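Here is what each chain is made of, one letter per residue.
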Amino acid sequence: MEKFFKIKERGSNVRTEIIAGLTTFMAMSYILSVNPGMFANLGIGKGNSFFNAIFIATALSAIVGTVLIGLLANLPLAQASGMGLNAFFVFTVCFGLGFSYANALLFVLIDGIVFILLTVTGLRKIIFDAVPKRVRKIIPAGIGLFIAFIGFQDSGLVMNDDSTLVKLASFNVLSKDFSWGATMPLVVTIITVLAIAVLSKKNVKGAIIISILGGAALYYILGYATVSGFKVDMPTLNPLVAFKDFGKLSFGKVFTEGFDFSAYLANHSKASLILNFATTALAFCMVDMFDTMGTLYGACGAGNLLVENEEGVAEVPNLNEAMLADAVATCTGAICGTSTVTTYVESSAGTAAGGKTGFAALVTAAMFTISLFLAPVAALIPACAYAAALVYVGILMMGCVKDIQWTNPSVAVPSFLTLVMMAFTYNISYGIAFGLLSHCVIKLFTGKIKEVKISTWVITLLFVAMFVLTH
């Protein structure tokens, strides 16, 4: 083990690596309830069956991705279905564009295959450089705002309004329409968000999952104690039922149903299919690529694992191997039935705890393996509890806004449009599109067109074609 992982050579020991692996799992295990909860919005199957299926798919793809990044890249990082990309899958591709669940899995599979080819051939860098830094830097913040907005909606704190589109849910105890049964989950969400913040400030490991479990417990205590007629649909406690649901509802659907676009074509033209297919696949690839690159640098930086290349620039060790692990895991996720698998920013909790090798990743993967049999427990977590995680993760992803030159209009406008249009249009790819378009137009009319790469124009024109011909 020492020869393979080089634990002592990197200044670590087995005990530290185990602690780091456990820390990473505790920090990101919330995805096991949040991801299935988000996919449950698609309304597939009966009762908790689709939740169970996605739970297994999430855990399995996390195991594969985390083992690969540990063995191929020897890095103490972990992977799972990416936050933001899962929202893009459900709310943009399925609900927004009208593709089926299986169709959306096909986009994820294409993303993984393209990612593999780009990594192996070295073309990844060309596409990465095609998106200007001002847009690239703000993408994580845009995704963060988007998923926080989804969290507020899932919890019920933000509601539809015919006049203003959205509004805050009412807490008015004097209103004739006041109902404690409807207000109680909102209170639980607020308390859970604040609990995550307090525990995180105190550097408590696993602050998110601890707060989610606490929020769930509070929901049931308040429900049974104070809400008249409070009932809970208890899931079956047999963990093997989840594997049965997985095999029936999600595993392999990308192959058996993913290529069938008849439902989409019933309401759209073939031209719309072609353009939406191209731009959606491109959006999956770009978001996955930038998210993965940023997370790798961030997590490795937190553990002082970055190494200098010949030019003196800090780089992620074994970067290509790490990207390849990400790409293969994404393909695995598509086959299992979940959205794009990516390296988790919560891995920085493990590197900060001293993890320096892939052995820590194997420990995290072992914990995900144990979790495969906990689907019945995860199904009991109410939306008001896991929605708090969406809000808090959204907050964490906003940090990059400090690096934007907000006093420079040529930087501020593309950055701002990328940021807000993701949430305002409920579509990550639209945010990227507005960022690219504004960047190109500003460069064109300020006499700096030569600073825009040809590849940037190509991607931008694809998005323009999608708006003009299909939207």
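Keep in mind that this is a model prediction, so the values were computed, not measured. (Residues numbered from 1 in each chain as written. Predicted model: local features only at pLDDT ≥ 70, side-chain atom pairs only at ≥ 80, totals over all residues. Heavy atoms only, no water.)

**Here's the deal with the overall build of the chain**
Here is step 1: Secondary structure assignment for the chain yields 22 helices and six strands.
Here is step 2: Computed over its C-alpha atoms, the radius of gyration of the chain comes to 22 Å, within 12% of the 23 Å expected for a compact globule of 471 residues.
Here is step 3: Taken over the C-alpha atoms alone, the chain extends approximately 70 × 60 × 50 Å along its principal axes.
Here is step 4: Among the 471 residues that make up the chain, the fraction classed as buried is 54%.
Here is step 5: Sequence-distant contacts in the chain: of pairs separated by 6 or more residues, those separated by 24 or more amount to 79%.
Here is step 6: In the form shown here, the chain has an accessible surface area of approximately 20200 Å², with 66% of it arising from carbon and sulfur atoms.
Here is step 7: Positive and negative charge centroids in the chain, built from 28 and 24 side chains respectively, lie 3 Å apart. (Helix = DSSP H or I, 4+ residues; strand = E, 2+ residues; numbered from the N terminus. Rg over C-alpha atoms; globule rule 2.2 N^0.38 Å. Buried < 20%, exposed > 50% of the residue type's maximum accessible area, 1.4 Å probe, protein only. Contact = heavy atoms within 4.5 Å. Areas by Shrake-Rupley, 256 points an atom, 1.4 Å probe, with all protein chains shown as cover. Lys, Arg positive; Asp, Glu negative; His and termini not counted. Charge placed at Lys NZ, Arg CZ, Asp CG, Glu CD.)

**Considerations on the nonpolar core**
Here is step 1: The biggest cluster of nonpolar side chains holds 89 residues, and the ones touching the most others in it are Tyr30, Met83, Phe89 and Ile432.
Here is step 2: Residues contacting Phe89, with those up to four places away along its chain left out, are Phe39, Leu42, Cys94, Tyr101, Ala104, Leu105, Val108, Phe284 and Ser339.
Here is step 3: Membership of the second largest hydrophobic core comes to 17 residues, among which are Ile69, Cys300, Leu305 and Met323. (Core = buried A, V, L, I, M, F, W, Y, C linked by side-chain atoms within 4.5 Å.)

**What to know about the side chain of Ser12**
Here is step 1: Its place among the elements puts Ser12 in the loop between α1 (2–5) and α2 (14–28).
Here is step 2: Accessibility expressed as a relative area gives 10% for Ser12, which makes it buried.
Here is step 3: Within the structure, the side chain of Ser12 is placed 2.6 Å from the side chain of Glu17, a separation counted as a polar contact.
Here is step 4: Not counting residues up to four positions away in its chain, the partners in contact with Ser12 are Ile7, Glu17, Gly354 and Lys356. (Polar contact = N/O pair within 3.5 Å; in protein donor to acceptor, adjacent residues only side chain to side chain.)

**Some points on the pairing of strand β2 (residues 158–161)**
Each regular strand displays side chains that alternate between the two surfaces of the sheet.
Here is step 1: For β2 and strand β3 (residues 165–168), the ladder comprises four bridges, and the chain directions are antiparallel. Residue pairing across strands places Asn160 opposite Val166, the latter belonging to β3.
Here is step 2: Hairpin connection, β2 to β3: the antiparallel pair is bridged by three residues. (Pairing = 2+ DSSP bridges.)

**With respect to the packing of helix α20 (residues 409–424) against helix α21 (residues 428–445)**
Here is step 1: Contact geometry of α20 with α21 gives a least axis separation of 7 Å together with a crossing angle of 165°. Classified by the angle their axes make, α20 and α21 are roughly antiparallel. Considering only the axes of α20 and α21, their crossing is right-handed. In this structure, α20 contributes Pro409, Ser410, Val413, Pro414, Leu417, Thr418, Met421 and Met422 to the contact, and α21 contributes Ile428, Gly431, Ile432, Phe434, Gly435, Ser438, His439 and Ile442. (Axes fitted to C-alpha atoms, helices over the stretch in contact; angles between N-to-C directions. Parallel < 35°, antiparallel > 145°, perpendicular 65-115°, else oblique. Left-handed = near helix turned anticlockwise from the far one by under 90°.)

**Digging into helix α10 (residues 207–226)**
In an α-helix, one full turn covers 3.6 residues, which means residues spaced three or four apart are oriented alike.
Here is step 1: Given a rise of 1.5 Å per residue, 20 residues ought to cover 28 Å, and the 27 Å separating the end C-alpha atoms of α10 matches this to within 8%.
Here is step 2: Here α10 has its buried residues at Ala207, Ile208, Ile209, Ser211, Ile212, Gly215, Ala216, Tyr219, Tyr220, Leu222 and Gly223. (Expected span 1.5 Å × (residues − 1).)

**Describing the packing of aromatic side chains**
Here is step 1: Within the structure shown, the criterion is met by 19 aromatic pairs.
Here is step 2: Considering the side-chain rings of Phe25 and Phe368, the 5.1 Å spacing of their centres and the 85° angle between planes classify their relative orientation as edge-to-face. Of this pair, Phe25 sits in helix α2 while Phe368 is found in helix α17 (residues 358–371), placing the two residues 343 residues apart along the sequence.
Here is step 3: Assessed through its relative accessible area of 8%, Phe25 is described here as buried. (Phe/Tyr/Trp six-rings, centres within 6.5 Å; stacked < 30°, edge-to-face > 60°.)

**Here we look at the packing of helix α5 (residues 85–96) against helix α6 (residues 101–121)**
Here is step 1: The N-to-C vectors of α5 and α6 enclose an angle of 115°; their axes lie 10 Å apart at closest approach. For the crossing formed where α5 meets α6, the hand is right-handed. Counted together, Phe89, Val93 and Cys94 of α5 and Tyr101, Ala104, Leu105, Phe107 and Val108 of α6 form the full contact between these two elements.
Here is step 2: A breakdown of the residues in the contact of α5 with α6 according to their chemical character gives eight nonpolar, no polar and no charged. (Nonpolar A, V, L, I, M, F, W, Y, C, P; charged D, E, K, R; others polar.)

**What about the environment of Ser100?**
Here is step 1: Along the chain, Ser100 falls in the loop between α5 and α6.
Here is step 2: Residue class for Ser100 comes out partly exposed when judged on its relative accessible area of 28%.
Here is step 3: Separated by 296 residues in sequence, Ser100 and Leu396 have C-alpha atoms that sit 31 Å apart.
Here is step 4: Looking at Ser100, its side chain comes within polar contact range of the side chain of Asn103, at 3.0 Å.

**Digging into a nonpolar patch on the surface**
Here is step 1: Together, Leu437, Val441, Leu444, Phe445 and Ile449 give the surface a local cluster of nonpolar side chains, amounting to about 440 Å² of exposed area.
Here is step 2: Looking at the secondary structure, you find Leu444 in helix α21.
Here is step 3: By relative accessible area, which is 38% here, Leu444 ends up partly exposed. (Patch = residues over 30% accessible without salt bridge, like charges linked within 9 Å, V, L, I, M, F, W, Y side chains within 5 Å. Salt bridge = Lys/Arg side-chain N within 4 Å of Asp/Glu carboxyl O.)

**So, unusual backbone geometry**
Here is step 1: Phi angles above zero are rare outside glycine, and Lys6 is one such case at about 55°.
Here is step 2: Located in the positive-phi region is Asn203, a residue other than glycine, with phi close to 60°.
Here is step 3: Positionally, Asn203 belongs in the loop between α9 (180–201) and α10.
Here is step 4: Given a relative accessible area of 61%, Asn203 falls into the exposed group.

**Remarks on the pattern of salt bridges**
Here is step 1: Tallied over the entire structure, the rule returns three salt bridges.
Here is step 2: The shortest N-O distance in the salt bridge between Lys167 and Asp161 comes to 3.9 Å.
Here is step 3: By relative accessible area, which is 40% here, Lys167 ends up partly exposed.
Here is step 4: Judged by relative accessible area, Asp161 falls into the buried class, the value being 19%.

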